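The chain contents come next:
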Amino acid sequence: AGTAGQGGGGGRAAGASVGLVGVVVGVVAGALLVKDFRFDYGAAYSSRLLPWHYSRSALWVGQAGSLLLWAWFTLLLAVVFRYRPLRGVFGEPGTVAAGRQSPLREPAFRTLMAFGCFLLGALTFAADPMAASVAAPANGSGLSPLLQHPAMLIHPPIVFLGYAAWGIPFALAVSALVTGQLDGRWAREARPWALFGWTVLGGGILVGAWW
């Protein structure tokens, strides 16, 4: 019970952050779909003539939208890592319960959340996707013709999911350094996440080659 309760407050806060950032993603995506140009981001990357599916892809075209998606995936995978480790999925020994007892898991989880907070800070102070337009235009600037390709509907989300997944091996390496446990444990725990990130990014590269 003590192990299960360890870091419970942090887990709940992480879950809340996933939900709240998900709300922001939904609001920005909805504004793009309905052509609401009161947001500067929507005015910059969508227009009334842009088809709805490319209006949806405009969510991850700009810097602010890309960072928002990356932050959301990072926080989501941090929660998955905390409660549903991948050990056993790729032939690794161990169970979910054994993964929770790992002394590396909580420090790595904190590292992931710190990186998520960094991304949220960048969104807040440097690239706010919900910044209001000074004067909402009648029509937006639209999306570059180079970005109006079917691959743009899936390529960036795949890539940012891969980036978020690779944050977990990094966090485990940091955890091993901080705790001084430099044996093979961190590499064994990182391996399934590295394989997952490699697979996802590989798929993203293939879609990008098609584009």
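Residues numbered from 1 in each chain as written. Predicted model: local features only at pLDDT ≥ 70, side-chain atom pairs only at ≥ 80, totals over all residues. Heavy atoms only, no water.

J.: An account of the side chain of Lys35 is requested, with residue identities and associated values reported.
T.: Relative to the elements of secondary structure, Lys35 occurs in the loop between helix H2 (8–33) and helix H3 (40–45). Asp36 is the oppositely charged side chain nearest to the buried, salt-bridge-free Lys35, at an N-O distance of 12 Å. In this structure, Lys35 is in contact with Ser46, Ser47, Arg48, Leu50, Pro51 and Ser55, ignoring residues within four places of it in sequence. (Helix = DSSP H or I, 4+ residues; strand = E, 2+ residues; numbered from the N terminus. Buried < 20%, exposed > 50% of the residue type's maximum accessible area, 1.4 Å probe, protein only. Lys, Arg positive; Asp, Glu negative; His and termini not counted. Salt bridge = Lys/Arg side-chain N within 4 Å of Asp/Glu carboxyl O. Contact = heavy atoms within 4.5 Å.)

J.: Please provide a residue-by-residue account of the nonpolar core, values included.
T.: Ranked by size, the top nonpolar core spans 40 residues in total, and within it Leu59, Phe81, Ile168 and Leu172 carry the most contacts. Of all the secondary structure elements, the ones that give two or more residues to this core are H2, helix H5 (63–83), helix H7 (105–125), helix H8 (155–179) and helix H9 (185–210). No other element matches H5, which puts 11 residues into this core. Filtering out sequence-adjacent residues up to four positions away, Leu59 remains in contact with Val25, Val28, Ala29, Leu32, Tyr41, Gly65 and Ser66. (Core = buried A, V, L, I, M, F, W, Y, C linked by side-chain atoms within 4.5 Å.)

J.: Go over the pattern of salt bridges, please, and point to the residues and values.
T.: One pass over the structure, following the stated rule, counts three salt bridges. A salt bridge links Arg82 to Glu106; the shortest N-O distance between them is 2.6 Å. With a gap of 24 residues between them, Arg82 in helix H5 and Glu106 in helix H7 connect regions that are remote in the sequence. You can call Arg82 buried: its relative accessible area is 3%. For Arg105, the salt bridge goes to Glu189, with nearest N and O atoms at 2.8 Å. Taken as a pair, Arg105 in helix H7 and Glu189 in helix H9 lie far apart in primary sequence, 84 residues in all. Taking relative accessible area as the criterion, Arg105 reaches 2% and is therefore assigned buried.

J.: Talk me through the packing of H5 against H8; I want residue IDs and the actual numbers.
T.: Here H5 crosses H8 at 45 degrees, and the two axes come no closer than 9 Å. Here H8 runs oblique to H5, going by the angle between their axes. Taken as a pair, H5 and H8 cross one another with a handedness that is right-handed. Across from Ser66, Leu69, Trp70, Phe73, Thr74, Leu77 and Phe81 in H5, the residues of H8 making contact are Pro157, Phe160, Leu161, Tyr163, Ala164, Ala165, Ile168 and Leu172. Here the residues of the contact of H5 with H8 are counted per class, giving 13 nonpolar, two polar and no charged. (Axes fitted to C-alpha atoms, helices over the stretch in contact; angles between N-to-C directions. Parallel < 35°, antiparallel > 145°, perpendicular 65-115°, else oblique. Left-handed = near helix turned anticlockwise from the far one by under 90°. Nonpolar A, V, L, I, M, F, W, Y, C, P; charged D, E, K, R; others polar.)

So yeah, pure geometry; function would need other evidence.
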